[in-house]
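Structural description and commentary
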Amino acid sequence: MTPQTLPKKKQCTGLFIVTITVIACVTSLTPIVASIDISEVAKVSSNSTPHISDKTVQNVSNNTTLQVSRPHDRSDIQFLGSNGTNSEDAYLTVPDGTGVPQELPTGTGDLLGDMITQAFKPGERISGLEWLQNVYNPHLWGLSPPGGLGSKCDADMKIYLTALNNGTVWAAKMTDASGRYSSQFFFGNGFWLGSHTLCEELQLQDSNPEPPPFSVAFHVAKLQVALSSHLTPVGRQVSLGLCLPHSCGPADITSLLQPDDALQVLRVRPVPGDYSLLADTKFHVLGGVLAVVCVLIATGSCYELLLSRDEHTNNQSPGTGLSDHKEKESIGKPNFCPQTEGLLPQLLLSFSAVRNGQKILKCDSPQDSLTPIHGLRFLSLAWVILVHTYLQVFAIAENKTLRTVTERNFMFQTISNATFSVDTFFFISGLLVTFLYFRSVEKQQDDSNRRGLREGAVKFMTLLFYRFVRLTPAYLFVLGLVEVAMRTLHNGSVFEPKVMDHLNCENYWWRNALYINSLFPRREMCMLWSWYMANDTQFYVLGILLLLASVRYFRAVAAVWAVFLVSSWCTTGIISYQYQYVARIQEPFAQFDTLYDKPWTRVGPYLIGMATGWLLHRTNCAFKIPTTVVISGWTLALLCMFSLVYGLLHVQLGMLTSAAYAGLGHTAWALGLAWIVVACCTGYGGIVNSLLSFRALLPLSRLTYCAYLTHPLIMVVTGFSMDGPLHLHNLLVLILYLGNMVAAFALSFFISLAFEAPVVNLLKITMASRKKSSQDNVTGCTKCH
């Protein structure tokens, strides 16, 4: 709401402002008082070098073969870099031999969670660094391949090795398309992938005058490498790409690699596998739904253009000058189509891309709307996409140590503490639900909400039905896209996506449809990022119940509101302490199943949003705040929010202070947002209000829901479709981030046109018909009397 349109300001009691000030002060000091609990800080340094005691190491010849005299003590192992338990960082979990991702114990992990503890046995011989160069080297095999191969594979391999020793081009290209050790093994490079694309190119006669005499196939072998206890205190997993004859299957390739104590072959898979997208029934269902919607959009758009042309023709009056006058009047009007009678025309126009596109892209908003909300919503989504971009590149990077280096940067806390971006969404939801509810009740000016339980139940079901129908079509369509996309990537990617959405979405999609998926373990979640929609819907149910009851029992509802808020603080703190959670920037998603995504730990910002919405409605966004309170409010709000995000880098929290940080942090962030919104809506926002209310942000704000749904899908598809790993640099991440932003909003515009805007229009038609029918009944009854 712009200050110019505000009514005359009136005095405010200041109780809400005092509450904000006190809680913000207490919470913003949490990192500072952490030194009191410093004795409980974990003493394991992320960069420490393991101390190997009582180990007898012998250097034998130039191969640097090491003889270990006793089993390696796992208690001596220190892991390098970040913890592997970051749950939303699901791309980076470590799969076991079955291909199912396994969660590492809390407090253990390596650069990106791809190291598995490896105990060395007595008498075990461990090869040194130069041994890595010969893990796969066909030049050392002579004319006969090692291992026990099948007859067809053995024959083709002999042809290949003979051609390779003779310097034949196609054989050299096969070897060149396979992966091998190059560098940065100790800095996180576990991708020796070669090139799947170039391996397939060998069979094209247009680009290869002399193709191989047999079909070739690309396989990716998952290896576990263990050097000496000094070099690899834990086993390292490596993905090795192999371009070999098609006749050689996984068993043959395992035999070729000659596994021993230093090298274990965990699994070998062909790329691509046997999955066919065109044979997938769900792909056809999605395609059919999309085709029907596109036909409806095209039909509705053409119908609206015809109506517009007819109206333009009918309004022309030659010689009178009325045509030019009407054209000038119509400029800038988004809904230029006349009001049409009949249900079918209205249904067709509901799908019109012309009308819906104008509604989405217009930069105007009602004068009584809370315009700062649009800026907060867009900036929060931009923050979420930034975090997920870093997770995207960390998953496929060859120089994973950059993550450890980056974590020492002060500004990296923007990434590690981005959980507060989702709190902003919760706060906005609670604020809008409350503000719009009370405004609608005020406009109705009737006592229908005071009539009793039955009327309240009907209204509750109506509101819940409206929300479910409005959000679910786009949600389920994207869910189907995610399932099909992940099945395709698991089949054809040289990487191994650790997310199991191709299985979880098939088995547990109904949990997403009912918005209860956040109540189940992460390993069973489909669309991991959809936990937010589940929590937000659960909060919506709670909020509507409180709002409906507040009409008659306001004080009782206020007490229940306070009980929910305090109980959320206590519950979160107790859970944090029970699971020995310690807040660290290296583990932004630690305790995901217990702390991060559960509604009882995240309800605080929603409740603060409800209180803020009530305050703005009660005061009509117009009350006078003393200058000293304005200065203090801005100072404390910004200090609180800044310390929550950037206060952990050089501060080590203990379990007690971490429990306080986890319990109060989300609410403190919402209190800071509450001050920003209240100040901006009452004329005390200054330049902040100008930025958050910038008109160009309004279309982007309308697209945030669909952009939130689609942006991880875009990242996963683009990342895992690559032929090899990325070499990370922060500037590269910035460029990828900007590309992800553009792609996410472009795709969200289409999803909104196809599944969100038409559904909203259909709901309006349904509600209008129901309201008209109700009015007709009332009129009929009046006439009877």
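Residue positions are given per chain, counted from 1 along the sequence in the order it is written. Side-chain atom pairs in this predicted model are given and counted only at pLDDT of 80 or more, local residue features only at pLDDT of at least 70, and totals for whole chains, interfaces and linings cover all residues. Side-chain measures were taken over the full set of non-hydrogen atoms in the model, leaving aside hydrogen atoms and water.

Bringing the pattern of salt bridges into the picture now. One speaks of a salt bridge when a side-chain nitrogen belonging to Lys or Arg is within 4 Å of a carboxyl oxygen belonging to Asp or Glu. Following the criterion strictly, the structure yields 15 salt bridges and no others. The partner of aspartate 154 in a salt bridge is lysine 158, with the nearest N and O atoms 3.3 Å apart. One end of the pair is aspartate 154 and the other is lysine 158, both in helix H2 (residues 151-165) and four residues apart, which spans about a single turn. In this structure, arginine 267 engages glutamate 496 in a salt bridge whose closest nitrogen and oxygen atoms are separated by 3.1 Å. Of the two residues, arginine 267 is situated in strand E10 (residues 263-271) and glutamate 496 in the loop between helix H14 (453-492) and helix H15 (501-513); the sequence distance between them amounts to 229 residues. The cut-offs for exposure are 20% and 50% of the maximum accessible area for each residue type, with area from a 1.4 Å probe on protein chains only; residues under the lower value are buried, those over the upper are exposed, and the others partly exposed. Overall, the relative accessible area of 16% leaves arginine 267 in the buried class. In DSSP terms, a helix is any run of H or I states spanning at least four residues, a strand is any run of E spanning at least two, and both are numbered starting from the N terminus.

Turning our attention to helix H19 (residues 599-619). Counting along an α-helix, one turn takes 3.6 residues, and residues three or four places apart therefore face a common direction. Multiplying one less than the number of residues by 1.5 Å gives the expected span of a helix. Compared with the 30 Å implied by 1.5 Å per residue over 21 residues, the 30 Å span of H19 between its first and last C-alpha is a close match. In H19, a bend of some 30° at proline 605 exceeds every other bend along the element. In terms of burial, H19 is a largely internal element, 18 of the 21 residues being buried. Positive phi appears at asparagine 620, one or two residues downstream of H19, with a value of about 60°. A residue's bend is given by the angle between axes fitted to the 7 residues ending at it and the 7 residues starting at it.

Next up on the list: the state of the cysteines. In this description, the term disulfide denotes a pair of cysteine sulfurs within 2.5 Å. A full pass over the atoms with the stated rule returns three disulfides. A sulfur-sulfur separation of 1.9 Å characterises the disulfide bridge that pairs cysteine 153 with cysteine 248. Of note, the bridge from cysteine 153 to cysteine 248 carries an S-S torsion of about 95° and is right-handed in sense. Pair noted here: cysteine 153 is in helix H2 and cysteine 248 is in the loop between strand E9 (235-245) and helix H5 (250-256), with a separation of 95 residues, a long-range link. Cysteine 153 gets classed as buried once you look at its relative accessible area, which sits at 1%. Two residues, cysteine 199 and cysteine 243, share a disulfide whose sulfurs are 2.1 Å apart.

Moving on, we get to the packing of H14 against helix H24 (residues 704-720). Closest axis-to-axis distance for the H14/H24 pair is 10 Å, and the angle between their directions is 5°. The orientation of H14 with respect to H24, classified from their angle, is roughly parallel. Counting all contacts with H14, which are made through Leu471, Ala474, Tyr475, Val478, Leu481, Val482, Ala485, Met486 and Leu489, the residues of H24 involved are Tyr705, Leu709, Thr710, Leu713, Val716, Val717 and Phe720. Ten residue types, Ala, Val, Leu, Ile, Met, Phe, Trp, Tyr, Cys and Pro, are classed as nonpolar, four, Asp, Glu, Lys and Arg, as charged, and the remainder, Gly among them, as polar. Split into classes, the residues belonging to the contact of H14 with H24 amount to 15 nonpolar, one polar and no charged. The convention used is that axes are lines fitted to C-alpha atoms, helices contributing only their stretch in contact, and that angles between N-to-C directions extend from 0 to 180 degrees. When an angle is under 35 degrees it counts as roughly parallel; over 145 it counts as roughly antiparallel; between 65 and 115 it counts as roughly perpendicular; any other value is oblique. What makes two residues a contact is simply this: any of their non-hydrogen atoms within 4.5 Å.

In terms of burial, E9 is largely enclosed, as eleven of its eleven residues are buried. Pairs of strands are assigned from DSSP output, requiring at least two bridges between the strands. Where strand E8 (residues 216-225) meets E9, ten bridges bridge the pair, whose relative direction is antiparallel. Looking across to E9, one finds that lysine 222 is bridged to serine 239.

Time to look at the packing of helix H16 (residues 531-550) against helix H17 (residues 554-578). Interhelical geometry of H16 versus H17 gives an angle of 155° and a closest axis separation of 8 Å. It follows that H16 is roughly antiparallel to H17 by the angle criterion. Residue-level inspection shows Leu542, Leu546, Ala549 and Ser550 of H16 in contact with H17, the latter providing Phe554, Val557, Val560 and Phe564.

What follows concerns the packing of aromatic side chains. Think of it this way: a Phe, Tyr or Trp ring, Trp meaning its six-membered ring, pairs with another when their centres are within 6.5 Å, and the plane angle makes it stacked under 30 degrees, edge-to-face over 60, tilted otherwise. Considering all chains together, one arrives at 31 aromatic pairs under this definition. Taking the centre distance of 5.3 Å and the plane angle of 65° together, the rings of tryptophan 531 and tyrosine 596 count as edge-to-face. A residue pair is termed long-range when its members are at least 10 positions apart, and tryptophan 531 in helix H16 and tyrosine 596 in helix H18 (residues 592-596) qualify at 65 residues. Across the pair, exposure class does not vary: tryptophan 531 and tyrosine 596 are buried alike. Positioned over the ring face of tyrosine 596 is arginine 602, at 5.2 Å from the centre of the ring. We count a charge as sitting over a ring when the NZ of a lysine or the CZ of an arginine lies within 6 Å of the ring centre and within 35 degrees of the ring normal.

Across the ten residues that make up E8, a large majority, ten, are buried. Judged by which residues are buried, E8 turns out to be covered on both faces: Val216, Phe218, Val220, Lys222 and Gln224 on one side and Ala217, His219, Ala221, Leu223 and Val225 on the other are all buried. Sheet topology note: the E8/E10 ladder contains eight bridges and is antiparallel. Residue valine 220 lies in a different strand from E10, and its bridge partner there is arginine 269.

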